[in-house]
Amino acid sequence: MVEVVTAGHVNWDVTLRVDALPNPDGEARIDSQCRSGGGSAANVAVALAGMAFDAGLVGSVGDDETGEFARRELQAAGVDCSHLLEAADSETTTKYLIVDEQGEVMVLGNEGANEAVTPADVDPEYVTAGDHLHLTSQRPDTAAKLARVATQAGVSVSFDPGRRLDERDFGEALAYSDVVFLNDREARTLLDSDLEHPSSELHGRVVVIKHGEDGAQVDTPEASFDHPGFDAEVVDTTGAGDAFAAGFLAVLLRDRGVLGANADYERALEFANACGALAAMEEGARTAPTFGEAEAFLDGQF
C-alpha cells in the first residue's frame, strides 16, 4: 500500500544543453545531451520516494522500448508502477528539453501515450488506500475523476495543472483540490493581474504561487506567507517545480498529513524553495534532494 499517489504525465526526456536558445532561422551549439525519465507526475513520485515516502504512480507509457526504460527507472527509484498503464501500439511521449547556459528551458514534445489513462481506467481502491493524491497535467476528465474519488474518501488532494492550464478546463479537479500549485503565468489564468481575487474553483483552497528565482508565496484561508527563495547557481530549471511541490508536500505529510489551520505552511514553503534551488543546481529533471540534503542546505551545511 502506498502513502502518496501521483497521477499524470510520464515522459522520456532528451535534454540538450546549448550555448544559447536560437532565434528564428538561427543556430546554436549543442554542448551535451542526456536521456532519462521525465514528466511531472513521475518526477514528483521519484522525489517523494527519495524522501522516504511510499509513492505510487497513475500514468501511461507506450508499448515501446522507451516506455520500458521509463518503467525500469521508476521502479529502480522505488516508485510503485502497478498502475502505470502500457498503451498498446503507442509511442511513449518524448520531450526534447533545450537548456541554455543560464538554465532556462524550452520544451518540444510529441503527443505520445502520456494521456492514455481515461476515467474508466481509474482504480478507486488504489487511489483511496493512500494518504494523499497529487495530480499533475493530464486529461481533465481523468483528473476530475481521480480528485472526486479521493475527496469522497477523505484523502487530501493537491494539483499542479502545468503549462496547458489556459487551454484546458480543469475546473472540477481544482474544485476538489486542497492545495493548488501555480507559477506566475498560470496564476494569472485564474487570478487577476495582482495575483489576487481567485476564481470560484480556488475559493477556500491553499494556493502556492511559484515566482522562480524570486521565491514563492502561499495563500491559505487563514494567512499568507512569502519566501524570497535562495541564491543558487542555476544549471537547469527542468524539474525544479516538481522538486518544489514534492518538498512542500513532504513537510505536510511528514507531520501526519496535517492540512488546514494547524499546518506549518511557512516551513513547507521554505523547505520547498530549498528543494527547488537544489534541483536547479543540477542537470536533469530527476534531481530533487533527499529530505536530509534539503535540511542540511537550510542549516548552511550544503
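Look a little higher up for the structure.
So, how was this worked out
Just so you know, the residues in each chain are numbered from 1, in the order the chain's sequence is written. pLDDT decides what is reported in this predicted model: residues at 70 or higher carry local features, side-chain atom pairs at 80 or more are listed and counted, and totals for whole chains, interfaces and linings draw on all residues regardless. Side-chain metrics rest on all non-hydrogen atoms present in the structure, leaving aside hydrogens and water. Strands here are runs of E lasting at least two residues and helices are runs of H or I lasting at least four, both read from the DSSP assignment and numbered beginning at the N terminus. The globule rule used for comparison is 2.2 Å times the number of residues to the exponent 0.38, while the radius of gyration itself is calculated over C-alpha atoms. Contacts: residue pairs with any heavy atoms within 4.5 Å of one another. Computed with the Shrake-Rupley method and a 1.4 Å probe, the accessible areas treat only the protein chains shown as cover for residues. Counted as positive: Lys and Arg. Counted as negative: Asp and Glu, with His and the chain ends omitted from the count. Note that the charge is assigned to NZ on lysines, CZ on arginines, CG on aspartates and CD on glutamates. Each residue is assigned to one of three classes by its accessible area relative to the maximum for its type, calculated with a 1.4 Å probe on protein chains only: buried under 20%, partly exposed between the two thresholds, exposed over 50%. Any two strands with at least two DSSP-identified bridges between them are counted as paired. Where helices are involved, their axes are fitted lines through C-alpha atoms of the stretch in contact, as for all axes, and angles between N-to-C directions lie from 0 to 180°. Contacts described as polar in this section are N or O atom pairs within 3.5 Å, which, within protein, must combine one atom able to donate a hydrogen with one able to accept it, while residues neighboring in sequence count only if both atoms come from side chains. Residues qualify for a patch when their relative accessible area is over 30% and they have no salt bridge, like charges being joined within 9 Å and the nonpolar side chains of Val, Leu, Ile, Met, Phe, Trp and Tyr within 5 Å. The rule for a salt bridge is simple: a side-chain nitrogen of Lys or Arg has to be within 4 Å of a carboxyl oxygen of Asp or Glu. In this scheme the handedness of a crossing depends on how the near helix is turned from the far one: anticlockwise by less than a right angle means left-handed, clockwise means right-handed. When the centres of two rings from Phe, Tyr and Trp lie within 6.5 Å, Trp using its six-membered ring, the rings pair. Their planes under 30 degrees apart give stacked, over 60 give edge-to-face, and anything left gives tilted. A helix is expected to reach a length of 1.5 Å times the quantity of its residues less one. Directions are taken from the helix axis to each C-beta atom, and the arc is the one they span.

Here we look at the overall build of the protein
Next, step 1: Looking only at helices and strands, the protein has nine helices and 13 strands in total.
Next, step 2: Computed over C-alpha atoms, the radius of gyration of the protein comes to 18 Å, within 12% of the 19 Å expected from 2.2 N^0.38 for 302 residues, which places it in the range of a compact globule.
Next, step 3: For the protein, long-range pairs separated by at least 24 residues make up 65% of all intrachain contacts whose partners lie at least 6 apart in sequence.
Next, step 4: Carbon and sulfur atoms make up 43% of the accessible area of the protein, which amounts to about 13,500 Å² in all.
Next, step 5: The average position of the 20 basic charges and that of the 56 acidic charges among the side chains of the protein differ by 4 Å.

Regarding the side chain of N43
Next, step 1: Turning to its location among the elements, N43 is positioned in helix α1 (residues 40–50).
Next, step 2: Since its relative accessible area comes to 7%, N43 is described here as buried.
Next, step 3: Leave out the neighbours within four places in its chain, and N43 touches G37, G38, G239, D242, A285 and R286.

Things to note about the sheet that holds strand β6 (residues 94–99)
Next, step 1: Taken in spatial order, the four strands make up an open sheet running β3-β2-β6-β7, and their pairing is mixed. Unpaired on one side and paired on the other, β3 (30–38) and β7 (105–109) mark the two borders of the sheet. The sheet shows a mean angle of 20° between the axes of neighbouring strands, direction not considered.
Next, step 2: Pairing between β6 and β7: five bridges, direction antiparallel. From the neighbouring strand, L97 faces β7, where its bridge partner is V107.

Points about the side chain of H134
Next, step 1: Here H134 is to be found in strand β8 (residues 132–136).
Next, step 2: Among the polar contacts made by the side chain of H134, one reaches the side chain of S158 at a distance of 2.7 Å.

Overview of a negative patch on the surface
Next, step 1: Taken together, D255, D264, E266 and E270 make up a surface patch of like negative charges.
Next, step 2: Here D255 lies in the loop between α7 (240–254) and α8 (265–280).
Next, step 3: With a relative accessible area of 40%, D255 lands in the partly exposed category.

With respect to the packing of α7 against α8
Next, step 1: For the pair α7 and α8, interaxial distance at closest approach is 7 Å and the crossing angle is 150°. For α7 against α8, the interelement crossing comes out right-handed. Counted together, A240, A243, F244, G247, F248, V251 and L252 of α7 and Y265, R267, A268, L269, F271, A272, N273, C275, G276, A279 and A280 of α8 form the full contact between these two elements.

A word on α1
Next, step 1: In terms of residue burial, α1 counts as a mostly covered element, since nine of its 11 residues are buried.
Next, step 2: Taken residue by residue, α1 has A41, A42, N43, V44, A45, V46, A47, L48 and A49 as its buried positions.
Next, step 3: At its buried positions, α1 is contacted by β1 (4–7), β3, β4 (55–62), α2 (65–76), β8 and α7.
Next, step 4: Positive phi appears at A52, one or two residues downstream of α1, with a value of about 75°.

Some remarks on the packing of aromatic side chains
Between two aromatic rings, the relevant description is the distance of the centres plus the angle of the planes.
Next, step 1: Under the defined criterion, the tally for this structure stands at seven aromatic pairs.
Next, step 2: Among the aromatic residues, ring-to-ring pairing joins F181, F244, F248 and Y265 into one connected group.

Looking at α2
The periodicity of an α-helix, 3.6 residues per turn, causes residues three or four positions apart to be oriented the same way.
Next, step 1: Taking 1.5 Å per residue, 12 residues should reach 16 Å; α2 reaches 17 Å between its end C-alpha atoms and fits that length.
Next, step 2: By the burial criterion, the buried members of α2 are G67, A70, R71 and L74. Seen along its axis, α2 keeps its buried residues to an arc of 95°; they face one direction. Relative to its buried face, α2 has exposed residues pointing more than 90 degrees away, namely E65, R72 and A76.
Next, step 3: Elements that come into contact with the buried residues of α2 comprise β2 (11–18), α1, β4 and β5 (80–87).
Next, step 4: Following α2 by one or two positions, G78 adopts a phi angle in the positive range, close to 95°.

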